[in-house]
Amino acid sequence: MSKREKTVVEVEITHPDKVLFPGEKITKGQLIEYYRRVAPVMLPHVEGRPITMHRYPRGLRGTSFIQQEAPEYFPAWIRREPVEKREGGITDRVVVDRPETLVYLANQACLTIHTWLSRAGRLEFPDRLVFDLDPPEGGFSLAVFAARELRRLLTEELEMLPFVMTTGSRGLHLAIPLDGRADFDAVREFAREVAEVMVQRHPDRLTAEVRLAKRGGRLFLDTARNAYGQTAVAPYSVRAKPGAPVATPLEWKELEADLEAQKYTVNNLFAHLDRRGDPWEALRQQRFSLVVARSKLDRLRADFRPEPLFA
DNA sequence: GAAAACA
DNA sequence: TGTTTTCAACGCTAG
DNA sequence: CTAGCG
Ligand SMILES: [Mn+2]
Ligand SMILES: [Mn+2]
């Protein structure tokens, strides 16, 4: 990693008055200003991670698309990382490593940024595990319940310290910093087994069923984010929803009262940040090993295994 | 949003 | 030249 | 392999 100063770059802004969120009349200029201002706290979380862009050039109501590859027409100062596709071939992916990139992407009408759970240089080895808590429509209280219970399992029984954020959509994410020694398959398998313990304990409220029809009003514990080339919404990313909600890292005590998945938006995020600072600051200094948690989980599962049935 | 294709 | 068309993902899971 | 899903 070079310590040389990056040269200053100017980002040309086009159509700053174009309304991207018609409900609140939030313009592209306001989106750009949001990302410019949040950059100092957002950058450390996304640095080095390949991203996926969710672009809405005609605003929230217009057609959108997901962009994975860094196009040639992006300026040369945008960092690109060559990435192997699982099924052969290499593509260049954008990696955010400076505030100007966030500004440039906002000008491209990229409302939402998703990131890999690994970073350039060790793309096969995630440094973050994400439990994606997906409640049914209107079931945010289920997400709060699941977050509390999952936190208790992780801290009291597996000796890991998870961090929580609103996704700005419907649910919550729990994130755990990893030491990068386990590959995606091992991390995902671990997450899946933790999820299955949770489902066993609360079968009426939680499920690991991918099929919507089989969830039956239960919260989906989505562990498939923990895979090579897969992504999760970035902390402090805006979501493409009315009100311009923001994926917002929280302190655990905030999980108590009047929380909602879309509580924080581009219009009130900085008040939260002024009050709390970055609640995930400490995440960046922790590094949990899967080895210890693995063996504790195995014991747990053995205890929960049903008694052998006799014919 | 921007490049390519078209009139 | 101005206008219209085209393009912009991918990996896991269950069956 | 495909459909569903995120
Ligand atoms: Mn989710
Ligand atoms: Mn999900």
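Above this text sits the structure in question.
Report on the accompanying structure.

So, how was this worked out
- Residue numbers here run from 1 along each chain, matching the order of that chain's written sequence.
- Chain A is the first chain written and ligand 1 is the first ligand written, with later ones labelled in order.
- Since the coordinates come from a predicted model, pLDDT governs what is reported: local features require at least 70, and pairs of side-chain atoms require 80 or more to be given and counted, while whole-chain, interface and lining totals use all residues.
- For the side-chain quantities, the full set of heavy atoms in the structure was used; hydrogens and water were omitted.
- The donor set covers N, O and S atoms within 2.8 Å of the metal, switching to 3.2 Å for Na, K and Ca, and it leaves out water, so a site may look short of donors.
- By definition, any uninterrupted DSSP run of H or I lasting at least four residues is a helix, any uninterrupted run of E lasting at least two residues is a strand, and each is numbered from the N terminus.
- Categorising residues by exposure relies on relative accessible area from a 1.4 Å probe, with only protein chains included: less than 20% of the type maximum marks a residue as buried, more than 50% marks it as exposed, and the intermediate range marks it as partly exposed.
- Pairs were defined over the aromatic rings of Phe, Tyr and Trp, the Trp ring being its six-membered one, requiring ring centres within 6.5 Å. Orientation was assigned from the angle between planes: stacked under 30 degrees, edge-to-face over 60, tilted for the rest.
- Note on geometry: a ring has a charge over it if NZ (lysine) or CZ (arginine) is within 6 Å of the ring centre and within 35 degrees of the ring normal.
- For this purpose, a residue is taken to be near a molecule or strand whenever a single non-hydrogen atom of the residue falls within 4 Å of it.
- Here a polar contact means two N or O atoms within 3.5 Å. Within protein one must be a hydrogen donor candidate and the other an acceptor candidate, and residues neighboring in sequence count only if both atoms are side-chain atoms.
- Only Asp, Glu, Lys and Arg are considered charged in this grouping, and only Ala, Val, Leu, Ile, Met, Phe, Trp, Tyr, Cys and Pro are considered nonpolar; every other residue, Gly among them, is considered polar.

**Focus: the coordination of the manganese ion (ligand 2)**
Between any two of four tetrahedral donors, the ideal angle at the metal is 109.5 degrees; between two of six octahedral donors, it is 90 or 180 degrees.
In step 1: Only Asp-132 (OD), Asp-134 (OD) and Asp-222 (OD) from the protein reach the manganese ion (ligand 2) as donors, at distances of 2.0 to 2.3 Å.
In step 2: Read in sequence order, the donor residues coordinating the manganese ion (ligand 2) give the pattern D-x1-D-x87-D.
In step 3: A distance of 3.6 Å spans the gap from the manganese ion (ligand 2) to the manganese ion (ligand 1), which Asp-132 bridges by coordinating each metal. A residue pair is termed long-range when its members are at least 10 positions apart, and Asp-132 in strand S8 (residues 128–134) and Asp-222 in strand S12 (residues 219–222) qualify at 90 residues. Of the two residues, Asp-132 and Asp-222, neither departs from the other in class, the shared state being buried.

**So, the packing of aromatic side chains**
In step 1: Inspection of the entire model under this criterion finds eight aromatic pairs.
In step 2: Both rings, one in Trp-77 and one in Tyr-104, keep their centres 6.0 Å apart while their planes meet at 85 degrees; by these two values the pair is edge-to-face. With Trp-77 in the loop between strand S4 (65–67) and strand S5 (80–84) and Tyr-104 in helix H2 (residues 99–107), this residue pair connects regions lying 27 residues apart in the sequence.
In step 3: Three or more aromatic residues joined by ring pairs form one cluster here, namely Tyr-73, Phe-74, Trp-77 and Tyr-104.
In step 4: The lysine or arginine in question, Arg-86, covers the ring of Tyr-228, its NZ or CZ lying 3.8 Å from the ring centre.
In step 5: The cationic tip of Arg-122 hangs over the ring face of Phe-125; the distance from NZ or CZ to the ring centre is 4.4 Å.

**Re the coordination of the manganese ion (ligand 1)**
In step 1: Summarising the metal site, the manganese ion (ligand 1) is bound by the protein donors Asp-132 (OD) and Asp-134 (OD), whose distances to it range over 2.1 to 2.2 Å.
In step 2: For Asp-134, a relative accessible area of 24% puts it in the partly exposed group.

**Describing the protein's contact with DNA strand C**
In step 1: Inspection of the region around DNA strand C gives 14 residues, with Phe-65, Gln-68, Glu-69, Tyr-228 and Gln-230 positioned closest.
In step 2: Within 4 Å of the protein, the contacting atoms of DNA strand C are drawn from sugar and phosphate to the extent of 67%.
In step 3: Separating a phosphate oxygen of DNA strand C from a backbone N or O atom of Gln-68 is a distance of 2.9 Å.
In step 4: Per-element tally for the surface near DNA strand C: the top contributor is S4, with three residues.
In step 5: Residue composition of the surface near DNA strand C, by class: five nonpolar, three polar and six charged.

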